Amino acid sequence: MRHYNITVKGRVQRVSYRVWAQSKAMSLGLTGYVKNLHNGDVYIEAEGEDDKINQFIDWCYVGSPLSKVTEVISEEQALKNLETFELKR
């Protein structure tokens, strides 16, 4: 199990990026949350098995159909043992 903090930059707000990210994370069995930042980025904390986390980070570069991702910054952190994957505001 691994925990990653992920920041996604580009056109990622007002394009349903958070909803799509939550759906993808849940389909992979990940826990964590996704939220918009005031600077226009999206911030994600995700936990799960190595291969599932890697698939999710790869998906972050693609995003929702209307998003235009320019950069994904992912940093491994200590596990927090999160229980669900939430959509935060």
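Residues numbered from 1 in each chain as written. Predicted model: local features only at pLDDT ≥ 70, side-chain atom pairs only at ≥ 80, totals over all residues. Heavy atoms only, no water.

What follows concerns the packing of aromatic side chains. This structure, assessed with the given rule, holds four aromatic pairs. When the ring of Tyr 33 is compared with that of Tyr 43, the centres are 6.1 Å apart and the planes differ by 55°; the resulting orientation is tilted. Taken together, the residues Tyr 33 in strand S2 (residues 31-36) and Tyr 43 in strand S3 (residues 42-48) connect sequence positions 10 residues apart. Residue class for Tyr 33 comes out buried when judged on its relative accessible area of 15%. On the accessibility criterion, Tyr 43 (15% relative accessible area) is buried. Centroid distance Phe 56 to Phe 85: 6.3 Å. Interplanar angle 65°. Geometry classified as edge-to-face. Residue Phe 56 is located in helix H2 (residues 50-62), and its partner Phe 85 is located in strand S5 (residues 85-87); the two are separated by 29 residues in the primary sequence. Residue classification places Phe 56 among the buried residues on the basis of a relative accessible area of 0%. A residue is classified by how much of its surface remains accessible, and Phe 85, at 6% relative accessible area, is buried. Positioned over the ring face of Tyr 33 is Lys 88, at 4.0 Å from the centre of the ring. (Phe/Tyr/Trp six-rings, centres within 6.5 Å; stacked < 30°, edge-to-face > 60°. Helix = DSSP H or I, 4+ residues; strand = E, 2+ residues; numbered from the N terminus. Buried < 20%, exposed > 50% of the residue type's maximum accessible area, 1.4 Å probe, protein only. Lys NZ or Arg CZ within 6 Å of the ring centre and 35° of its normal.)

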